[in-house]
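# Fold and contact review
So the chains spell out like this:
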Protein chains: 2
Amino acid sequence: MIKETSSNASNRKFLRSACRITGALEILSGRWKALTLIHISEGKNRFSLLKQVLPTVSDQVLGRLLRELEADGLIGKTIIPEVPVRVDYSLTDKGAAVLPILEELAEWYDKR
Amino acid sequence: MIKETSSNASNRKFLRSACRITGALEILSGRWKALTLIHISEGKNRFSLLKQVLPTVSDQVLGRLLRELEADGLIGKTIIPEVPVRVDYSLTDKGAAVLPILEELAEWYDKR
């Protein structure tokens, strides 16, 4: 805990921590983002499968979501040279590592 | 983990979990929200003290932030009948309980 009389070192630590929390929340809190991540972890690992479980999300929005999750390093994609070409998504280590934290958030949310 | 052949019961569990995660992220991810919560936990427990550490946040935005955090049950306020009246903010149990989860998110964010 940082006291009113905290040193510059602990103030810097605090600010760094705050920036990282804000960064993490920015990555995760986009509409449908956490949900898409969970669906992929549960085996809905293709565009068409995700469309089935997220029927109200447009193709355009789902495409953007997947690109953002990939750019943030939470999912990777494997292109399978079938006809037509198939794209499989999977969680990266980073993506998998956040799932238990999201579950903790869910448990915390329940305690009201 | 839910398999492709999951039962309705586990599907329901999944959807419930997803809703709670979305709910938790909605509470926390407003601009400045987590940061304000952390500042209050660190002793910046009055409007004027928060203004010092969040100089770019307008009075109007800070007032709204504090009302939202209070409405979501993360902070409480104590009105101290001085002249002028003083208002002290403090974390509720629920607000305090989320801080270690936010710290886990920060650590996760660092691993890239």
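Just above sits the structure.
Since this is a predicted model, take the numbers as computed values, not measurements. (Residues numbered from 1 in each chain as written. Chains lettered and ligands numbered in written order. Predicted model: local features only at pLDDT ≥ 70, side-chain atom pairs only at ≥ 80, totals over all residues. Heavy atoms only, no water.)

### Topic: the packing of helix α2 (residues 33-41) of chain B against helix α5 (residues 93-110) of chain B
Residues and elements named next belong to chain B. Taken N-terminus to C-terminus, the directions of α2 and α5 make an angle of 110°; their axes are 11 Å apart at the nearest point. The angle between α2 and α5 falls in the class roughly perpendicular. As for the relative orientation of α2 and α5, their crossing is left-handed in sense. In this structure, α2 contributes Ala 34, Leu 37, Ile 38 and Ser 41 to the contact, and α5 contributes Gly 95, Val 98, Leu 99 and Leu 102. Partitioning the contact of α2 with α5 into residue classes produces 6 nonpolar, 2 polar and no charged. (Axes fitted to C-alpha atoms, helices over the stretch in contact; angles between N-to-C directions. Helix = DSSP H or I, 4+ residues; strand = E, 2+ residues; numbered from the N terminus. Parallel < 35°, antiparallel > 145°, perpendicular 65-115°, else oblique. Left-handed = near helix turned anticlockwise from the far one by under 90°. Contact = heavy atoms within 4.5 Å. Nonpolar A, V, L, I, M, F, W, Y, C, P; charged D, E, K, R; others polar.)

### Describing the packing of aromatic side chains
Applying the stated rule across the entire model yields 0 aromatic pairs over all chains. Sitting over the ring of Trp108(B), Lys94(A) keeps its end group 4.3 Å from the ring centre. (Phe/Tyr/Trp six-rings, centres within 6.5 Å; stacked < 30°, edge-to-face > 60°. Lys NZ or Arg CZ within 6 Å of the ring centre and 35° of its normal.)

### Focus on the interface of chain B and chain A
On the side of chain A, 39 residues touch chain B, which itself brings 39 residues to the contact. Among the residues of chain B in contact with chain A, Arg20(B), Glu42(B) and Trp108(B) are the three that bury the most area, contributing 19% of the side total. Counting every contact that joins chain B to chain A gives 2 salt bridges. The salt bridge involving Asp110(B) is made with Arg20(A); its shortest N-O contact spans 2.9 Å. Seen at the junction of chain B and chain A, the total is 8 residue pairs in polar contact (both at pLDDT 80 or more). Mapped by element, the contributors of at least two residues to the side of chain B that touches chain A are α1 (8-28), α2 and α5 of chain B. Among the elements that make up the side of chain B that touches chain A, the one with the highest residue count is α5(B) (13 residues). (Buried area = accessible area lost by both parts, 1.4 Å probe. Salt bridge = Lys/Arg side-chain N within 4 Å of Asp/Glu carboxyl O. Polar contact = N/O pair within 3.5 Å; in protein donor to acceptor, adjacent residues only side chain to side chain.)

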